[in-house]
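# Descriptive structure summary
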Amino acid sequence: MTANGWFQIGLYVLVLFLITKPIGIFLTRVFERQKTFLDPLLRPVERLIYRLCGVDETKEMRWMEYGATMLVFSAVSLILLYLFERLQHWLPWNPQRFANVAPDLAWNTAVSFTTNTNWQAYTPETTMSYLTQMAGLAYHNFASAAVGIALAIAVIRGVSRHESKTIGNFWVDLTRCFLWVLLPVCLVGSLVLVSQGVVQNLKPYTTAQLIEPQTVQTQGADGKTVTQTVTQQVIAAGPTASQEVIKMFGTNGGGFFYANSAHPYENPTPFTNFFEMILIFAIPSGLTYTLGRMTKSQGHGWAVWSAMTALFLVGVTAAYWAEAKGNPQFVGVDQTASALNSGGNMEGKEVRFGIANSALFATATTDASCGAVNSMHDSYTPLGGMVPLVNIMLGEVIFGGVGSGLYGILVFVILAVFIAGLMVGRTPEYLGKKIEAFDVKMAMLSVLISSLTILVFAAIAVVAKFGTSSISNPGPHGLSQILYAYTSATGNNGSAFGGLNANTLWYNTSLAIAMLLGRFFVVIPILAIAGNLARKKVSPASLGTFPVTGPLFTILLVSTILIVGALTFFPALSLGPILEHLLMLSGKAF
């Protein structure tokens, strides 16, 4: 670990803190229908959309109607993306003449992008046409992010309102998110990335002549090894910058290239790397301020932000320490950082980013439901690789995805307040509203759906041939690969541990089911909590009311998140990365 590395991590946290308030204020004004500087341009467009779609912007919805509308919108979007993939060979903007995507892979990908997961069991630059990338995948990057933000705002309304039967209008929230939040930032951000060297074109791929021909060995159809001399290289390019910004800002994570943000066409410079990391946390961080502003308890918003930041700092510190320390099995190799040596474990990392920015990116992308990577998590040390895994297992609530992070952590807020009520022997209250059995049951249902999905599917995969045949490493690392895949899918993260061939019928099908459960079966109980809270009366605070605005609440919230995560997943972690770490220290490799 170096002073420069800590400076970059500290600068990231500082910039994040500085942008939280202005973004939170802007989001509040947008969804509270207050005037913004974009209104003269966007308000006529918004009215036209409502008129064409037959939407009454003054009509609000109960939580069940809000949830049902969201499900219908997501289902229709999923089907359209599936059709794009299955028909892309006959559709325009396919200069490479890519074939139609196979049914199981098309299904997995359609579910993945609809649920904001962006799990990619394929090589994008050799599988998806430009039209599929732009009209299919990039559209869903906007739509799934907008759905997440809309749901978060609806949940905040449920917390802030009292004696109300409604929590907003889904179509209005979705439209305003598209027009006021996502499109303006992505338009400007795309130009910023293009200025830094990120490609943006619709041309066919470039074929370059190699200065030095390369000899490669491949396996023929008969199973025999064939030696070939390669004299040309096909360089993929395309509409990358426009997809890159929304992939980060919408915490989607699916890259135009298989190498994702480790590819120089997606993330060419240290500035773009820092810019993209800021985009990941921008909305999730701002929503904590929006929570405080809409509930008229700004201290509560900052308490939630502090809990998220504390967990983030613990994770990035652990990842940075583990990777900077290196691998003790590399006997005789200098792993000390110096002016001429990056030091530590540089396997799977880009030299232009180094260990500090790799650990920071890995922590941020798995704290949020982003899933973009600028290094390969499979190449991390056991404890370094455990950090991204644990981040997702905790429920993607350490800032989390756009919207999903906030409504996810509110589940733990309910549980923390309930525990505090039990400890003092009083009926638990949250911002003046009594937390009843229904609220706790829905919160626990949301937590249990996520954990059961991960553990059940992973348990099946590790004992069945169709599951273990896809891993590249035996022993505890192979378990980590499978466990990470289902954790990433259920948490709607989308990052891959690597080393797992997920493009099989079993993994395409089971991971798609895990994504659907992790997105929709988790959020429905949360919407039920929001609808129930909106109907309640507000009780005045008393001496026995547990405050949700100070350090004590932050500590209780962090403890609740860690205890629930530890009790649920520690046995699996002990057989995976923890065991692998102990074996590494003893000199055992796989």
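This structure is a prediction, so every number in the text was calculated from the model and none was measured.

With that settled, the discussion passes to the overall build of the protein chain. Summing up its helical and strand segments, the protein chain has 18 helices and four strands in all. Rg of the C-alpha trace for the protein chain: 24 Å, near the compact-globule value of 25 Å for 590 residues, within the 12% margin. Seen through its principal axes, the protein chain has C-alpha atoms that stretch 80 × 60 × 50 Å. Out of the 590 residues in the protein chain, the part that is buried amounts to 56%. Of all intrachain contacts in the protein chain linking residues separated by at least 6 positions in sequence, the fraction that spans at least 24 positions is 77%. Charge centroids of the protein chain, computed over 33 positive and 28 negative side chains, lie 10 Å from each other.

Let us now look at the pattern of salt bridges. If you walk through the whole model with that rule in mind, you get 14 salt bridges. One salt bridge connects Arg 43 with Glu 46, and the closest N-O pair in it is separated by 2.6 Å. One end of the pair, Arg 43, and the other, Glu 46, are both in helix α2 (residues 39–53), three residues apart, so they sit about a helical turn from each other. For the pair Arg 43 and Glu 46, a shared accessibility class is recorded, and that class is buried. Lys 536 is paired through a salt bridge with Glu 436; the nearest N and O atoms lie 3.6 Å apart.

This part is about the nonpolar core. Counting residues in each nonpolar core, the largest one holds 117 residues, and the members touching the most others are Tyr 66, Val 181, Leu 182, Phe 281, Ile 283, Tyr 430 and Leu 557. Sorting elements by how many residues they give to this core places helix α5 (residues 130–160) first, with 14 residues. Among residues more than four places away in sequence, those in contact with Val 181 are Phe 26, Leu 27, Phe 31, Arg 176, Phe 249 and Ile 283. Counting residues in hydrophobic clusters, the runner-up holds 39 residues, among them Leu 389, Ala 461, Ile 482 and Tyr 486.

Below, the discussion takes up the packing of helix α11 (residues 382–393) against helix α18 (residues 577–585). When two helices pack together, their arrangement is given by the angle between the helix axes and by the axis-to-axis distance. It is at 8 Å that the axes of α11 and α18 come closest, and there the two elements cross at 170 degrees. One element, α11, and the other, α18, form an angle in the roughly antiparallel class. Residues Pro 382, Leu 383, Met 386 and Leu 389 of α11 form the contact with α18, whose own contacting residues are Pro 577, Ile 578, Glu 580, His 581 and Met 584. Here the contact of α11 with α18 is built from residues that sort into seven nonpolar, one polar and one charged.

Conventions and cut-offs
Residues take numbers from 1 onward in each chain, read along the sequence in its written order. pLDDT decides what is reported in this predicted model: residues at 70 or higher carry local features, side-chain atom pairs at 80 or more are listed and counted, and totals for whole chains, interfaces and linings draw on all residues regardless. Side-chain metrics rest on all non-hydrogen atoms present in the structure, leaving aside hydrogens and water. Note on conventions: DSSP H or I runs of at least 4 residues are helices, E runs of at least 2 residues are strands, and numbering of each starts at the N terminus. Radius of gyration means the value over C-alpha atoms here, while the globule rule gives 2.2 Å times the residue count to the 0.38 power. Burial here depends on accessible area, computed with a 1.4 Å probe over protein chains only, as a share of the maximum for the residue type. Under 20% is buried, over 50% is exposed, and the range in between is partly exposed. Throughout, a residue-residue contact means that at least one pair of heavy atoms, one from each residue, lies within 4.5 Å. For the purpose of charge, His is not counted, nor are the chain termini; Lys and Arg are scored as positive and Asp and Glu as negative. A single reference atom marks each charge: NZ on Lys, CZ on Arg, CG on Asp, CD on Glu. Here a salt bridge means any side-chain nitrogen of Lys or Arg lying within 4 Å of a carboxyl oxygen belonging to Asp or Glu. Buried Ala, Val, Leu, Ile, Met, Phe, Trp, Tyr and Cys residues form a nonpolar core when they are joined through side-chain atoms within 4.5 Å. Between N-to-C directions, angles cover 0 to 180 degrees, with each direction set by a line fitted to C-alpha atoms, over the stretch in contact for helices. Orientation categories follow fixed angle ranges, with anything under 35 degrees roughly parallel, anything over 145 roughly antiparallel, 65 to 115 roughly perpendicular, and all other angles oblique. Classification convention: Asp, Glu, Lys, Arg as charged; Ala, Val, Leu, Ile, Met, Phe, Trp, Tyr, Cys, Pro as nonpolar; all other residues, Gly among them, as polar.

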